[in-house]
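Coordinate inspection notes
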Amino acid sequence: MIAGTWRMALEGVSKGAHMLATGASAGDAVTEAVRAVEDYPLYKSVGLGGLPNGACQVELDGAFMDGDTLDFGAVAAVKDVKNPVSLARRLSTERFNCFLVGAGAEDFARVELFEMCNMLTERAKRAFEIRSRKVRESNLSPYDGHDTVGVVALDSSGSMACATSTSGLFMKRPGRVGDSPLCGSGLYADSRFGAAVATGLGEEIMKGVLSYETVRSMGEGLDPDSASRRSLKSFIDRRIQAGRRVGAISILCCSRDGRVGVATNVEFSFVIARRDSPAKVYLVSPDGDGVKIQEAPVEWLEAYERRIKLPPEEVF
Ligand code: ASP
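Residues numbered from 1 in each chain as written. Predicted model: local features only at pLDDT ≥ 70, side-chain atom pairs only at ≥ 80, totals over all residues. Heavy atoms only, no water.

With that settled, consider the environment of Leu222. With respect to the secondary-structure elements, Leu222 resides in the loop between α7 (210-219) and α8 (224-241). For the pair Leu222 and Thr264, spaced 42 residues apart in the sequence, the C-alpha separation amounts to 17 Å. If we ignore the near neighbours within four places in the chain, the residues touching Leu222 are Ser217, Ala227 and Arg230. (Helix = DSSP H or I, 4+ residues; strand = E, 2+ residues; numbered from the N terminus. Contact = heavy atoms within 4.5 Å.)

Here the focus is the site of the ligand. Around the ligand sit His146, Asp147, Thr148, Gly168, Arg176, Gly178, Asp179, Ser180, Thr199, Gly200 and Gly202, and those are all the residues in its vicinity. The separation between an oxygen atom of the ligand and a polar main-chain atom of Asp147 is 3.0 Å. Separating an oxygen atom of the ligand from a backbone N or O atom of Gly202 is a distance of 2.8 Å. Relative to its unbound accessible surface of 270 Å², the ligand loses 100% to contact with the protein. When atom positions are compared with the pocket grids, the ligand is found to occupy the largest cavity. The residue inventory of the shell around the ligand, partitioned by class, reads no nonpolar, 8 polar and 3 charged. (Near = heavy atom within 4 Å. Polar contact = N/O pair within 3.5 Å; in protein donor to acceptor, adjacent residues only side chain to side chain. Areas by Shrake-Rupley, 256 points an atom, 1.4 Å probe, with all protein chains shown as cover. 1 Å grid on protein atoms, 1.4 Å probe; cavity = no way out; pocket = protein on both sides within 12 Å on 5 of 7 lines; lining within 4 Å. Sits in = over half its atoms within 2 Å of the grid points. Nonpolar A, V, L, I, M, F, W, Y, C, P; charged D, E, K, R; others polar.)

With that settled, consider the sheet that holds strand β6 (residues 160-166). Read across the open sheet, the 9 strands follow the order β4-β3-β2-β6-β5-β1-β11-β12-β13; overall the sheet is mixed. Both edges of this open sheet fall to β4 (99-101) and β13 (290-295), since each of them pairs with a single strand only. Each strand axis lies, on average, 15° off the axis of its neighbour in the sheet, ignoring direction. Relative to β4, strand β3 (residues 72-78) runs parallel, the two being bridged by 3 bridges. Across the sheet, residue Ala76 finds its bridge partner in β4, namely Val101. Sheet strands touched by helix α3 (residues 84-91): β2 (60-66), β3, β4 and β6. Its angle to β3, the strand with the most contacts, is close to 135°. (Pairing = 2+ DSSP bridges. Axes fitted to C-alpha atoms, helices over the stretch in contact; angles between N-to-C directions.)

Pairing is antiparallel across the open sheet formed by 4 strands, whose spatial order is β7-β8-β9-β10. One side of each edge strand has no neighbouring strand; the edge strands of this open sheet are β7 (187-190) and β10 (260-264). Averaged over all adjacent pairs, the angle separating strand axes in this sheet is 10°, with direction ignored. The sheet contact formed by β7 and strand β8 (residues 194-200) spans 4 bridges and is antiparallel. What sits directly across from Leu187, in β8, is Val197. Against the sheet, α8 makes contact with β9 (249-255) and β10, and its axis sits at roughly 20° relative to β10, the strand it touches most.

Quick look at empty space enclosed by the protein now. One pass over the structure, following the stated rule, counts 1 cavity of 30 Å³ or more. In terms of lining, the largest cavity is formed by 13 residues, of which the most central are Thr148, Gly168, Arg176, Asp179 and Gly200. Tallied by class, residues from the lining of the largest cavity come to 1 nonpolar, 8 polar and 4 charged. (Points joined across faces, edges and corners; volume = space filled by probe spheres on them.)

Next up on the list: α3. Counting buried positions along α3 yields 6 of 8 residues, so the element is predominantly enclosed. Along α3, the residues classified as buried are Pro84, Val85, Ser86, Leu87, Ala88 and Leu91. Turning to α3, the residues buried within the fold contact α2 (26-39), β2, β3, β4, α4 (102-111) and β6. (Buried < 20%, exposed > 50% of the residue type's maximum accessible area, 1.4 Å probe, protein only.)

As structure tokens, then:
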């Protein structure tokens, strides 16, 4: 079983599912699934073509966690690294220095011969120009437009893993780091219980350590739907009680027996593939304390394909 956040995970999850079917480990499957998203320049919030920060630079965050050993690696605010998820995975094998940021992470990537390239595409540069103008002229929030690919997998030997990758908030302050590379916030895996990933406003998700909370609840015996919803609801209640506004948050998780759960306070999509069922996209919307889920209709999938290829003037 392998599942990923947002429609953009479709091709990567399909690839990961094929790998799992031919005996690959959960760790290899999630890494390859995330790499596929990082490599596709029209997925505008991850890897190549990712959304620039306020200085028009693409700074990326990514992480990897192995649910058997709890080995964890991450990078944050890295530039010019083609596949942050692979660098994060490499770091997960280090006893010391498993989380590197900025120039230190880039130096390590060069020494280890990771592929480096300019991650700012012409399209992303244009998006930055358009959005900067709109922010100046019409008070629009610069931070609208983000999304993280987060993938969880369970392999045939019962091992679990998860990984994330994102360019974070559009026009974020240089050096800003969200939840995605933070162990327990953007992702967590423990093969004894399950794995979870989160997407949405990182400044919120990190305050509730929501991926860890979800896996911990599965460890207490909750099914994945209840676990993710309890984490989300108790966090939102707590913030509202304190008089704070809560931003967009979605959690995708999988239990150690392969059941998938989802919780969200905004419209969300995700992809699942299982041994006998090819990757499918599902649309989720909040519904009271739960969610409504439907398989994405063909028209929605076609509209998505069209939308990501539109000229930047029509998208941003
Ligand atoms: N969680 C990511 C961040 O805050 C963005 C997202 O998933 O939408 O960097």
